[in-house]
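Residue strings, one per chain:
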Amino acid sequence: MSQPRTRVIQWATGNIGLRALREVIRDPALDLVGVLVYDADKNGVDAGVLCGEGPVGITATTDRADIHAVEADCVLYMPRALDVDDVVALLEAGKNVVTTRGELFGGGEGLGEENRARVLAACVRGG
């Protein structure tokens, strides 16, 4: 019996995001379930095509609400600018967040006290 695959959302497809997306697609233990892009030219493009792989059947979207509604175990959160509201919503929905955003490193000290408290509370609410 095989292990269940981890359902992953790639949030943003800049330089590092595209590299992460490619590795998610290549890893048989991971199941890409969504891709959020900020560039309108990438909207509707197959995720595999975006990162130089073959089509995978998951199309990128600029619609945050659509991505928030996707069932996932993990979000690779890699935007140019942090949006604490998005992070809080992802965590409250029970999604794990893996990020390149420095504000969340070191226990979230770079967020400031109010936003750090929001993120920590969202972790508790989302389990």
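This section reports on the structure supplied with the text. (Residues numbered from 1 in each chain as written. Predicted model: local features only at pLDDT ≥ 70, side-chain atom pairs only at ≥ 80, totals over all residues. Heavy atoms only, no water.)

Looking only at helices and strands, the chain features five helices and four strands. Helices and strands appear in the chain in the N-to-C order β-α-β-α-α-β-α-β-α. The burial tally for the chain puts 34% of its 127 residues in the buried class. Across the chain, the fraction of contacts at a sequence separation of at least 24, relative to all contacts at a separation of at least 6, is 55%. (Helix = DSSP H or I, 4+ residues; strand = E, 2+ residues; numbered from the N terminus. Buried < 20%, exposed > 50% of the residue type's maximum accessible area, 1.4 Å probe, protein only. Contact = heavy atoms within 4.5 Å.)

Here we come to the nonpolar core. Of all hydrophobic cores here, the largest spans 16 residues; its most connected members are Trp11, Val75, Tyr77 and Val119. When residues of this core are traced back to their parent elements, those giving at least two are β1 (6–11), β3 (74–77), α4 (84–92) and α5 (113–126). Top contributing element to this core by residue count: α4, with five residues. Look past the residues within four positions of Tyr77 in its chain and what remains in contact with it is Trp11, Leu82, Asp83, Asp86, Val87, Leu90, Val97, Val98, Thr99, Thr100 and Arg101. Within the second largest apolar cluster, 14 residues are counted, among which are Val24, Leu32, Leu50 and Met78. (Core = buried A, V, L, I, M, F, W, Y, C linked by side-chain atoms within 4.5 Å.)

With that settled, the discussion passes to the packing of aromatic side chains. Per the counting criterion, the structure on display carries one aromatic pair. Pairing Trp11 with Tyr77 gives two aromatic rings, centres 5.5 Å apart and planes at 50°, and the pair type is tilted. On the criterion of sequence distance, the pair formed by Trp11 in strand β1 and Tyr77 in strand β3 is long-range, its members being 66 residues apart. Taking relative accessible area as the criterion, Tyr77 reaches 0% and is therefore assigned buried. (Phe/Tyr/Trp six-rings, centres within 6.5 Å; stacked < 30°, edge-to-face > 60°.)

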